[in-house]
Amino acid sequence: QVQLVESGGGLVQAGGSLRLSCAASGSIGRILAMGWYRQAPGKERELVARILNGGSTNYADSVKGRFTISRDNAKNMVYLQMNSLKPEDTAIYYCSLDQILRLTVWGQGTQVTVSS
């Protein structure tokens, strides 16, 4: 059983920065990818950023140039550095982990609120 715990969310003014962290624990097998998704009220959950086991990354167009995903394999952690935050970034942010032959694991989510 793998668990993911997000931290680092909060309230920030537009133009500010936040750094989200996700810690994975438990019986972790081969990791295919880790990522960040977000869901705003009335919106569908969307991909924010994803990093594959080979190190390649994928970002939503709306966050390119502002957000950076990174990982620390030794610590089983993934991070999301969010700069130049906008009110439209307000959402619950979820960490995800994909393993070979395993269902996707999701964290509990952390609230990010950007005020104007």
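Chemist: Can you explain the packing of aromatic side chains? Please cite residues and give values.
Modeler: In the structure shown here, the tally under the stated rule is one aromatic pair. It is Arg19 that lies over the ring of Tyr79; its NZ or CZ is 4.0 Å from the centre. Here the guanidinium or amino end of Arg45 rests over the ring plane of Tyr94, the centre of that ring lying 4.1 Å away.

Chemist: Could you give an account of the side chain of Arg38, naming the residues involved and the relevant values?
Modeler: Residue placement: Arg38 occurs in strand 4 (residues 31-39). Since its relative accessible area comes to 5%, Arg38 is described here as buried. A polar contact is formed between the side chain of Arg38 and the side chain of Ser62, at a distance of 3.3 Å. In this structure the side chain of Arg38 is engaged in a polar contact, spanning 3.0 Å, whose partner is the side chain of Asp89. Beyond its immediate chain neighbours, meaning those up to four positions away, Arg38 contacts Glu44, Arg45, Glu46, Val48, Ser62, Val63, Phe67, Glu88, Asp89, Ala91, Ile92 and Tyr93.

Chemist: Which residues make up the nonpolar core, and what values go with them?
Modeler: Counting 28 residues, the largest nonpolar core has Leu4, Trp36, Leu80, Met82 and Tyr93 as its most contacted members. Only strand 1 (2-7), strand 3 (18-26), strand 4, strand 5 (46-52), strand 7 (67-72), strand 8 (77-82), strand 9 (91-99) and strand 11 (110-115) provide two or more residues apiece to this core. Dropping the residues within four chain positions of it, Tyr93 is found in contact with Glu6, Leu20, Trp36, Tyr37, Arg38, Val48, Phe67, Leu80, Met82, Gly109, Thr110 and Val112.

Chemist: How would you summarise the sheet that holds strand 3 if you had to cite specific residues and measurements?
Modeler: The strand order 1-3-8-7 describes an open sheet built from four strands, whose pairing is antiparallel. If you trace the sheet from one side to the other, it starts and ends with strand 1 and strand 7, each paired once. Taken over all neighbouring pairs, the strand axes of this sheet differ in orientation by 15 degrees on average, direction set aside. Two strands pair when backbone bridges link them, and strand 7 and strand 8 are joined in this way by six bridges, in the antiparallel orientation. Opposite Arg71, over in strand 8, you have Val78 as the bridge partner.

Chemist: Requested: an account of the environment of Gly9, with residues and values cited.
Modeler: You can see Gly9 is positioned in the loop between strand 1 and strand 2 (10-13). Among the residues examined, Gly9 registers a relative accessible area of 34% and is labelled partly exposed. The sequence separation of Gly9 and Gly109 amounts to 100 residues, and the corresponding C-alpha distance is 9.1 Å. If we ignore the near neighbours within four places in the chain, the residues touching Gly9 are Leu20, Thr110, Gln111 and Val112.

Chemist: Any details on the pattern of salt bridges? Residues and values, ideally.
Modeler: This model, assessed by the stated rule, comprises five salt bridges. The residue Arg38 makes a salt bridge to Glu46 at a minimum N-O spacing of 2.8 Å. For Glu46, a relative accessible area of 33% corresponds to the partly exposed category.

Chemist: If you had to explain unusual backbone geometry to someone new, which residues and values would you point to?
Modeler: The backbone phi angle of Ser84 is positive, close to 50 degrees, even though this residue is not glycine. Mapping Ser84 onto the fold places it in the loop between strand 8 and strand 9. With a relative accessible area of 41%, Ser84 lands in the partly exposed category.

Calculation notes
- Residues numbered from 1 in each chain as written.
- Predicted model: local features only at pLDDT ≥ 70, side-chain atom pairs only at ≥ 80, totals over all residues.
- Heavy atoms only, no water.
- Phe/Tyr/Trp six-rings, centres within 6.5 Å; stacked < 30°, edge-to-face > 60°.
- Lys NZ or Arg CZ within 6 Å of the ring centre and 35° of its normal.
- Helix = DSSP H or I, 4+ residues; strand = E, 2+ residues; numbered from the N terminus.
- Buried < 20%, exposed > 50% of the residue type's maximum accessible area, 1.4 Å probe, protein only.
- Polar contact = N/O pair within 3.5 Å; in protein donor to acceptor, adjacent residues only side chain to side chain.
- Contact = heavy atoms within 4.5 Å.
- Core = buried A, V, L, I, M, F, W, Y, C linked by side-chain atoms within 4.5 Å.
- Pairing = 2+ DSSP bridges.
- Axes fitted to C-alpha atoms, helices over the stretch in contact; angles between N-to-C directions.
- Salt bridge = Lys/Arg side-chain N within 4 Å of Asp/Glu carboxyl O.

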